[in-house]
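A closer look at the structure
One letter stands for each residue in the lines below.
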Amino acid sequence: MNIPCTVNETYRCIVGESLASGLTALLVRFTGCNLSCAYCDTRYACDQPGQGTTVGELAERLEQSGLVRLLLTGGEPLRQPEAATALCNQALQLGCTVLLESNGTLPTDTVPRDVVKILDVKTPGAASSVPFLDDNLDLLNEQDQLKFVVTSFDDCHWALDFLRQRKPPLDPANIIFSPASPAFEPPALAQWLLEERLPYRFQIQLHKAL
């Protein structure tokens, strides 16, 4: 496939977030994002021009890697929807599990059903001016996940309100709360989840510990 795209980097990784945390994958980081979050830890993916490539070349790298899992992240992969969708399809045809991380502000209707979508719902602490696209909730499948990176207890309560009002069709174990350390330390979030008896998943960024 000669569909062009721009990526910041590709490398073999241990997945650091989502329900696939701890598993191996080929990571493809797309260049550019439609947001500028206050706690962004991959700003270089937006500030640097990136490398031009094609979907076919990326699929070849995946096949040569010998890995059975592909992680599309950014930046924001769905800023390049044609390339991201085509790469997902190529990886699925190779028999790979495909994970796609998105901020949920862009349509996910072109993402193949078998792709695991991990939507990062931006809390007020992210200081993002672009709202989450609620239509994406209707496209969630049972393997998909929602993630809330929280910077404070105010963010925690905002996330609970979001979930109560929209009632996403997911197992609570597929809903992830992650602390934006050092702004919000992991023990504080863990204690809050316990005290509130919440059924959601606590997670820290494993790749940072590594």
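Throughout what follows, the structure given in this document is the object of discussion. (Residues numbered from 1 in each chain as written. Predicted model: local features only at pLDDT ≥ 70, side-chain atom pairs only at ≥ 80, totals over all residues. Heavy atoms only, no water.)

**Let's talk about the environment of Val7**
- Here Val7 lies in strand 1 (residues 4–14).
- Between the C-alpha atoms of Val7 and Val68, which are 61 residues apart in sequence, the distance is 20 Å.
- Apart from the residues within four sequence positions on either side, Val7 is in contact with Val28, Arg29, Phe30, Thr31, Gly50, Gln51, Thr53 and Leu58. (Helix = DSSP H or I, 4+ residues; strand = E, 2+ residues; numbered from the N terminus. Contact = heavy atoms within 4.5 Å.)

**As for the state of the cysteines**
- The final tally for this structure, using the stated rule, is zero disulfides.
- With no disulfide of its own, Cys33 has Cys46 as its nearest cysteine by sulfur position, at a separation of 4.9 Å.
- Cysteine Cys40 shares no disulfide, and the gap to the nearest cysteine sulfur, in Cys46, comes to 5.9 Å. (Disulfide = S-S within 2.5 Å.)

**Remarks on the pattern of salt bridges**
- What the rule picks out here adds up to seven salt bridges.
- Between Lys122 and Asp120 there is a salt bridge, with the nearest N and O atoms lying 3.1 Å from each other.
- Since its relative accessible area comes to 11%, Asp120 is described here as buried.
- Here Asp161 ties to Arg164 by a salt bridge, and the two come within 3.9 Å at their closest N and O atoms. Taken together, the residues span about one helical turn, with Asp161 and Arg164 both in helix 4 (residues 153–166) at a distance of three residues.
- Overall, the relative accessible area of 53% leaves Arg164 in the exposed class.
- Each of Glu17, Asp120, Lys122 and Lys147 takes part in one network of salt bridges that share partners. (Salt bridge = Lys/Arg side-chain N within 4 Å of Asp/Glu carboxyl O. Buried < 20%, exposed > 50% of the residue type's maximum accessible area, 1.4 Å probe, protein only.)

**Looking at helix 4**
- Between the first and last C-alpha of helix 4 there are 20 Å, a value that for 14 residues agrees with the 20 Å anticipated at 1.5 Å per step.
- Among the residues making up helix 4, those that are buried are Asp155, Cys156, Ala159, Leu160, Phe162 and Leu163. The buried residues of helix 4 all sit within an arc of 155 degrees when viewed along its axis, so they share a single face. Helix 4 presents Asp154, Arg164 and Gln165 as exposed residues on the side facing more than 90 degrees away from its buried surface.
- Among the structural elements, strand 6 (116–121), strand 7 (145–150), strand 8 (175–179) and helix 5 (186–195) are those in contact with the buried residues of helix 4.
- Two residues or fewer past helix 4, Lys167 is found with a positive phi of approximately 45 degrees. (Expected span 1.5 Å × (residues − 1). Arc of directions from axis to C-beta.)

**Concerning the nonpolar core**
- By size, the foremost hydrophobic cluster in this structure holds 26 residues, and its most contacted members are Val28, Phe30, Leu70, Leu72, Leu87 and Val98.
- When contributions to this core are tallied by element, the ones reaching two or more residues are strand 1, strand 2 (24–30), helix 2 (55–65), strand 4 (69–73), helix 3 (81–93) and strand 5 (97–102).
- The greatest single-element share of this core, amounting to six residues, is contributed by helix 3.
- Counting 20 residues, the second largest nonpolar core, distinct from the first, contains Leu137, Leu146, Phe148 and Val150. (Core = buried A, V, L, I, M, F, W, Y, C linked by side-chain atoms within 4.5 Å.)

**Observations regarding the packing of aromatic side chains**
- Applying the stated criterion to the full structure yields seven aromatic pairs.
- Taken together, the ring pairs in this structure connect Phe132, Phe148, Trp158, Phe162, Phe177, Trp192 and Tyr200 into an aromatic cluster. (Phe/Tyr/Trp six-rings, centres within 6.5 Å; stacked < 30°, edge-to-face > 60°.)

**Here we look at the side chain of Glu76**
- Tracing the backbone through its elements, the reader meets Glu76 in the loop between strand 4 and helix 3.
- Although Glu76 is buried, it makes no salt bridge; Lys122 carries the closest opposite charge, 7.7 Å away.
- A polar atom in the side chain of Glu76 sits 2.9 Å from the backbone nitrogen of Leu78.
- A polar atom in the side chain of Glu76 sits 3.1 Å from the side chain of Ser102. (Lys, Arg positive; Asp, Glu negative; His and termini not counted. Polar contact = N/O pair within 3.5 Å; in protein donor to acceptor, adjacent residues only side chain to side chain.)

**Here's the deal with helix 5**
- Looking only at helix 5, the buried set comprises Leu189, Trp192 and Leu193. When helix 5 is viewed along its axis, its buried side chains cluster within an angular range of 100 degrees and face the same direction. In helix 5, the exposed positions that point more than 90 degrees away from the buried face belong to Pro187 and Leu194.
- On its buried face, helix 5 is in contact with strand 7, helix 4, strand 8 and strand 9 (201–202).
- Positioned one or two residues after helix 5, Arg197 has a phi angle of 55 degrees, which is positive.

These values are about where atoms sit, not about what they do.
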